[in-house]
Amino acid sequence: MAEANCSRKLVVEICNAKNLMPKDGQGTASAYVIVDFDGQRRRTKTKFRDLNPQWDETLEFLVQDPESMVSEILEINVYNDKKTGKRTTFLGKVKISGSTFVKSGSELLVYYPLEKRSVFSQIKGEIGLKVSYVDEAGTAEPEKAAAEEKKPDDAAVAPSEQKTDDAAAPPVATEEKAPEKEEEKKADESNKEAADQKPAEPPKYEKTEEDSTAATPPAEVENPPVAHTEKAMQPKEKTDTEKLPDLGVSDLELRSLAGDRGRSAYDLVDRMPFLYVRVVKAKGANCEGESSAYAKLVIGTHSVRTKSKSDKDWDQVFAFDKEGLNCTSMEVSVLVEKKDGENTTETSIGTVSFDLQEVPKRVPPDSPLAPQWYTLEGSPGTDVMLAVWIGTQADEAFQEAWQSDSGGLIPETRAKVYLSPKLWYLRLTVIQTQDLQLGSGPEAKPKGPPELYVKAQLGAQVFKTARMSVGSTIPTWNEDLLFVAAEPFEQFLVMTVEDVTNRQPVGQAKVHVPSLDRRTDDRTEPKSRWFNLVGDEKQPRYAGRIHVRACLEGGYHVLDEAANVTSDVRATSKQLAKPPIGLLEVGIRGAANLLPVKSNDGTRGGTADAYVVAKYGPKWVRTRTILDRFNPRWNEQYTWDVYDPCTVLTIGVFDNGMYKKDDEGKAGRDVRMGKIRVRLSTLDTNRVYTNSYSLMVVLPGGSKRMGEIEIAVRFSCSSWLNLIQAYGSPILPRMHYVRPLGPAQQDILRHTAMRIVTARLARSEPALGQEVVQFMLDSDTHVWSMRRSKANWFRLLGWLSRAATLARWLDGIRSWVHPPTTILMHVFLVAIILCPHLILPTVFMYVFFIIVLRLRYRRRALLNVDARLSYADAISADELDEEFDSFPTTKSIDQVRQRYDRLRILAGRAQALLGDVAAQGERLEALFNWRDPRATGLFVVFCLLASLVFYAVPFRAFVLGWGFYYLRHPRFRGDMPSLPLTFFRRLPSLSDQIL
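Residues numbered from 1 in each chain as written. Predicted model: local features only at pLDDT ≥ 70, side-chain atom pairs only at ≥ 80, totals over all residues. Heavy atoms only, no water.

K.L.:
A description of the overall build of the protein should follow, citing residues and the corresponding values.
P.N.:
Helices and strands together make up the secondary structure of the protein, namely 20 helices and 38 strands. Within the protein, buried positions represent 43% of all 995 residues. By element, 55% of the accessible surface of the protein is carried by carbon and sulfur atoms, the whole surface being about 54400 Å². (Helix = DSSP H or I, 4+ residues; strand = E, 2+ residues; numbered from the N terminus. Buried < 20%, exposed > 50% of the residue type's maximum accessible area, 1.4 Å probe, protein only. Areas by Shrake-Rupley, 256 points an atom, 1.4 Å probe, with all protein chains shown as cover.)

K.L.:
How would you explain the sheet that holds strand β11 (residues 274-284) if you had to name every residue and give the values?
P.N.:
The 5 strands lie next to each other as β17-β18-β11-β14-β19, forming an open sheet whose pairing is mixed. The outermost strands of the open sheet, each flanked by one partner alone, are β17 (372-375) and β19 (402-403). Looking at chain direction, β17 and strand β18 (residues 382-391) are connected through 4 bridges and run antiparallel. Bridging across to β18, tryptophan 373 finds its partner in methionine 385. (Pairing = 2+ DSSP bridges.)

K.L.:
Give me the lowdown on empty space enclosed by the protein, citing residues and values where you can.
P.N.:
Summed over the entire model, instances satisfying the criterion amount to 7 cavities of 30 Å³ or more. By volume, the second largest cavity amounts to about 100 Å³. Every residue lining the second largest cavity is counted, 11 residues in all, and those nearest its centre are Val102, Ser106, Trp424, Arg518 and Lys574. A class-by-class count of the residues in the lining of the second largest cavity yields 3 nonpolar, 4 polar and 4 charged. (1 Å grid on protein atoms, 1.4 Å probe; cavity = no way out; pocket = protein on both sides within 12 Å on 5 of 7 lines; lining within 4 Å. Points joined across faces, edges and corners; volume = space filled by probe spheres on them. Nonpolar A, V, L, I, M, F, W, Y, C, P; charged D, E, K, R; others polar.)

K.L.:
Can you lay out the pattern of salt bridges for me, pointing to particular residues and giving the numbers?
P.N.:
In the structure shown here, the tally under the stated rule is 39 salt bridges. Salt-bridge contacts for arginine 629 lead to aspartate 321; the nearest nitrogen and oxygen are separated by 3.6 Å. Taken as a pair, arginine 629 in the loop between β33 (619-622) and β34 (633-642) and aspartate 321 in strand β14 (residues 313-321) lie far apart in primary sequence, 308 residues in all. Salt-bridge contacts for glutamate 525 lead to arginine 549; the nearest nitrogen and oxygen are separated by 4.0 Å. (Salt bridge = Lys/Arg side-chain N within 4 Å of Asp/Glu carboxyl O.)

K.L.:
Now, about the packing of helix α11 (residues 743-762) against helix α12 (residues 770-777): what can you tell me, with residues and values included?
P.N.:
Contact geometry of α11 with α12 gives a least axis separation of 9 Å together with a crossing angle of 145°. The interaxial crossing formed by α11 with α12 has right-handed handedness. Residues Met754, Val757, Thr758 and Leu761 of α11 lie in contact with α12, whose contacting residues are Gln770, Val773, Gln774 and Leu777. Of the residues assigned to the contact of α11 with α12, the class counts are 5 nonpolar, 3 polar and no charged. (Axes fitted to C-alpha atoms, helices over the stretch in contact; angles between N-to-C directions. Left-handed = near helix turned anticlockwise from the far one by under 90°. Contact = heavy atoms within 4.5 Å.)

K.L.:
How would you explain the pairing of strand β30 (residues 542-553) if you had to name every residue and give the values?
P.N.:
Counted residue by residue, β30 has 9 buried out of 12 residues, so it is predominantly covered. The pairing of strand β21 (residues 423-434) with β30 spans 9 bridges and is antiparallel. Each bridged residue has a counterpart across the sheet, and for leucine 426 the counterpart in β30 is leucine 552. Of the pairings in the sheet, the one linking strand β28 (residues 517-519) to β30 comprises 3 bridges and is parallel in character. Across the sheet, the residue bridging to arginine 518 is leucine 552, located in β30. In this structure, strand β29 (residues 529-534) lies alongside β30, joined through 5 bridges in antiparallel fashion. Across the sheet, the residue bridging to phenylalanine 531 is isoleucine 546, located in β30.

Here is the structure:
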């Protein structure tokens, strides 16, 4: 009867295992697999004496509660069968979170490394699995009722079923043969029952949820920036989970959007009091008729009205910043609009007044305040239904309310949460072409042997293969072309074979992108396919065929931001997802002393309409816009799941210019006011950092301090073991190392991904502007900048200065600047020579004490963008103008010539430096290639004498003698360079052979 209550099945296909640990004492292993899920257990057959077993068995499990499937764990244990060995031994295990399960039809073969059961386990190898779930047709209500009636009978059977599951567990070494046979018998019966539960004909599944959302725009979620208690969030989370297929986001992302993770308070920000007024509807004799009516709220100088409706059913919520109110009473009036031709007359029906000092307070998780009927003064037969209360920004009505500090119901000023599109790498391997109809067109004129290349286009991305001359052989390329594809995918990948000689296309073919195979690693090679080439779209004709191999690479992480400030390193495929290791909570409190950015109707000096954008991983958050304030207070709190501690949170402040339209109806542009970055690895766990940071921005007129932003950050981690383990894991997924991408190719793909993310977020409502996304992603880091070049050069010098400081310290000891220190170094040298086994312990102990003593000087505050390190203050106007110049340049010829000459001077210095470095290596090589026969001859004689000396003299004595010679007193040292250095400088280099 359990099957009748379930509408979902989990299907686990055990494919194979590789490179298992031999455990039978004979160099092999007889492996079988036991799979546990939600109290159910299944077992595969035993593959005897095989370290690379191939099962290809499908096991099915019943999902009792589809909504809680994401929190379940699928556990796979591999054992060695004791019938063929000395005893049953453990070969490894794998645990898979339910959040990685995909719907049937989207599953991929994924190889999971086998994990140890304890520290002392000897485990190796990996197991290949396919995991998916199937949603079956729902059962009828009578069947559910019958299942409830038979519940006591099922409860009576439950102990025996539990007993069977316990018997199927792997036996221990002390078991006897009789229990062993009984275990195998029960395991076979369990497999037989699972096989009987399968339907005779597999159902025809409908299109997957991912494909059904292929035509939808990028997912946009309006996130209430308020954390409620867990008890209050349970209904919300359940509703969001049910809507998961429509949103097209993963469960992990959705749980992150829910906001609260057990924190009982909105504790990183201050609570802001708001006066909430919910106007529902009106009734009465004076409200009857076809005329429209609206409600008007007046609080001192604040006046706002509802929408005008004929049915008098408004149901609108208004939120007034309590600190901005200048009156202690509020009036709610109902007015009726009557149209007489082109004229409209408004008549007040009545008014109801409220004393704001008597308004009740409400704090979540209290239930919403129920609206009540109030009789209008001056109209006894007319009532208005409304509710008035004092709340905070934590109120669930805040997001949908008319907000006094953000301009009301303007869409461009609302708080929003955006999700970046899911990005894939599309790999197209062009193999060869056959049966090409060359020169068959009416305008074809042979001009020699034709040269062909293949051009592939996906949306705005165009890549070409190398040119191939057509002779007696078939044109063959075997060249990979990589594209960036975003969900929902472009419809077609267009491949065109073009003839360079005749300057005309030979033919083209189209590949349906959503139908391409998906893979997670390099172990499975996608199948190659032949496509017919069509010569002309107007008059289709056969022009040959092309042989290609195309797939969507899910094992890579598609970088869409600068590599040094990346916030996400997870693989694209959902099946490779890992559980989060922590939670990042950010409270955006407010800003202070912001500079005016734009003028306000020409009546005042200027104003600022500021909002904040925070980006971590695929989730972008945007606070509401506080209009016309230089010290805005947002007090909004957001959360993110953390999968890697060595990632960066980016927070930017912008002035909103999109909510205002010009005379032509075009929206303005948002102006950047500065940004800060927070590297999570520099944060202590479970500690709140509350600080104010300067907002610096580089503008064409120079660097400017735009104000300060106050934020609170907390990085919570429940398991120190998972956090420490992350430092030993590779930064990027496995495919980046087994099939790496070149630096130039990676840079092209990264900028392509940036353009895709920018375009998708610009299509949201409200749009996240192009200038905002590019500023947050640092899309201009590849553009030449004299300021950045100086900053990087002095960063290199700063690192080399440490080595120079160490060299000066050694030279001071060698020169007897401080005689006690030099004498102590002599004693230390003698101790090392006499006890060489203490060298490494002494060095590491010395490093340990140095680092521990430096802990007291560690900076506790978060580091911000450093204007001095960025050389934002020490830059000329011309260098700034060059940095903000477009590409290609639009400047005059004289300016370009001046900048080019300056660049030539810098390049000349770099050229000389590179030549000097190369000359040192060439001199060292000249010792061995007899380029200077006398110098090499002297070196050969020296090597012969040195071999005889070291044969007779102990190495310790040599080191001790060299140490005393190096530390000798200056009176025993000459002023000229040493003999080895002089000899090395006289060796020849290849500099004299350069033109």
